[in-house]
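In case you want the letters, here they are:
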Amino acid sequence: MFPKNMYPFLQKHGNSFFIRLHRELYKKELLARARKENPDLVGAVLPRGNYYLVDLKTTEKSEYLVFLNYLIGLNQEI
Amino acid sequence: MSKLLTAFLMLDKKQIFKKGKGWVKLTVNPTVYPLSTIYSAGYAFLDKAYIYIDKINSSKLAVWVFPKDKKAKLNNLGMDFYNELLNYAHYFTSLKANADTLKILMQKALFSAAPSLFTEAASKEIDELICSLSNPDRNNNVSKKHVSLFAKTRK
């Protein structure tokens, strides 16, 4: 689905790709709000070590990037 | 430009820059540029690029910049991001340095718009001062601020 090493933030978990976000940079509250505002897009948020793995319910490459920018914008609001 | 200087610049560039197909990875030291500065610079870049921030170690953060315009020059974009970082670092430093002055100006503007606020605040502080003077045990709590405000009001 994605060329290898194209997106450094993607991590394969099971059969799907998750976005890998560092806990210290993308806070729990931020992800909770993103999930609340976009329940159709944001699926499970799994804590794994220093990271959160976020399941996006999409296969569109561009949506992953848009979601990252959305988080940066949301972070400024909180 | 001497060969040595050219080699040094290239080495330095390699350390802070890493380019790939459609992205540039920048290294930022969070002790030099605090997180708020990095987020603000990222926010300013939202219309030009997609931004992803990752932590490498305690003294190194990686900022991945994916330009929205595929024809954009990655080097320029990376350098622009560093400029934006400097811009916000300067902004936050100035904000901190001028916080007291800003507060005084705001108070002055507020009090000139509604002088009754100043009278109320002054009379409240005078009451507190009289109360503390009448109670010898609390004399030590009389602050210089109260005395100065009291003196100002008497004028």
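Residues numbered from 1 in each chain as written. Chains lettered and ligands numbered in written order. Predicted model: local features only at pLDDT ≥ 70, side-chain atom pairs only at ≥ 80, totals over all residues.

## Section: the confidence of the model for chain A
Scored by pLDDT, chain A comes out at a mean of 86, with 92% of its residues at no less than 70. Summarising per-element confidence for chain A, the mean pLDDT is lowest in strand E1 (residues 10-13) of chain A (81) and highest in helix H1 (residues 28-37) of chain A (92). (pLDDT = per-residue confidence, 0-100. Helix = DSSP H or I, 4+ residues; strand = E, 2+ residues; numbered from the N terminus.)

## A closer look at the environment of B:Leu105
All names here are of chain B. Relative to the helices and strands, Leu105 is located in helix H4 (residues 99-113). Look at Leu105 and you get exposed, because 11 C-beta atoms sit within 10 Å. Sequence separation of Leu105 and Tyr33 is 72 residues, and the distance between their C-alpha atoms is 29 Å. (Buried ≥ 20, exposed ≤ 12 C-beta atoms within 10 Å, placed from the backbone.)

## Remarks on the sheet that holds strand E1 (residues 17-20) of chain B
Taken together, 4 strands build an open sheet; the order of strands is E1-E2-E4-E3 (chain B) and the sheet is antiparallel. If you trace the sheet from one side to the other, it starts and ends with E1 and strand E3 (49-57) of chain B, each paired once. Neighbour-to-neighbour, the strand axes of this sheet turn through a mean angle of 20°, independent of strand direction. Relative to strand E4 (residues 60-67) of chain B, strand E2 (residues 23-28) of chain B is paired through 5 bridges, and the arrangement is antiparallel. Looking across to E4(B), one finds that B:Val28 is bridged to B:Leu61. Across the sheet, helix H2 (residues 61-77) of chain A touches E3 and E4 of chain B, and the angle it forms with E3(B) is around 75°. On the sheet, helix H2 (residues 35-44) of chain B packs against E2, E3 and E4 of chain B and is oriented at approximately 160° with respect to E3(B). (Pairing = 2+ DSSP bridges. Axes fitted to C-alpha atoms, helices over the stretch in contact; angles between N-to-C directions. Contact = placed C-beta atoms within 7 Å.)

## Some remarks on the interface of chain A and chain B
Residue-level contacts link 12 residues of chain A with 12 residues of chain B. The greatest single-element share of the side of chain A that touches chain B, amounting to 7 residues, is contributed by H2(A). For the side of chain A that touches chain B, the class distribution of residues is 6 nonpolar, 5 polar and 1 charged. (Nonpolar A, V, L, I, M, F, W, Y, C, P; charged D, E, K, R; others polar.)

## Describing the pairing of strand E4 (residues 51-56) of chain A
Residues and elements named next belong to chain A. Relative to E4, strand E2 (residues 16-22) is paired through 5 bridges, and the arrangement is antiparallel. Within the sheet, the bridge partner assigned to His22 lies in E4 and is Tyr51. Between strand E3 (residues 42-48) and E4, which pair antiparallel in sequence order, lie 2 residues; one of them, Gly49, sits at a positive phi of approximately 60°.

## Some words on the environment of B:Gly22
In this fold, B:Gly22 is placed in the loop between E1 and E2. A C-alpha to C-alpha distance of 26 Å links B:Gly22 and B:Ser59, two positions 37 residues apart in sequence.

## Here we look at the packing of H2(A) against H2(B)
For any two helices packed against each other, one specifies the inter-axial angle together with the distance between the axes. Two numbers describe how H2(A) lies on H2(B): the axes approach to 9 Å, and their chain directions differ by 125°. Considering their axes alone, H2(A) and H2(B) lie oblique with respect to each other. Two packed elements cross with a definite hand, and for H2(A) against H2(B) that hand is left-handed. Facing H2(A), whose interface residues are A:Ile72, A:Gly73, A:Asn75 and A:Gln76, H2(B) presents B:Tyr39, B:Gly42 and B:Tyr43. The residue makeup of the contact of H2(A) with H2(B), split by class, is 3 nonpolar, 4 polar and no charged. (Parallel < 35°, antiparallel > 145°, perpendicular 65-115°, else oblique. Left-handed = near helix turned anticlockwise from the far one by under 90°.)

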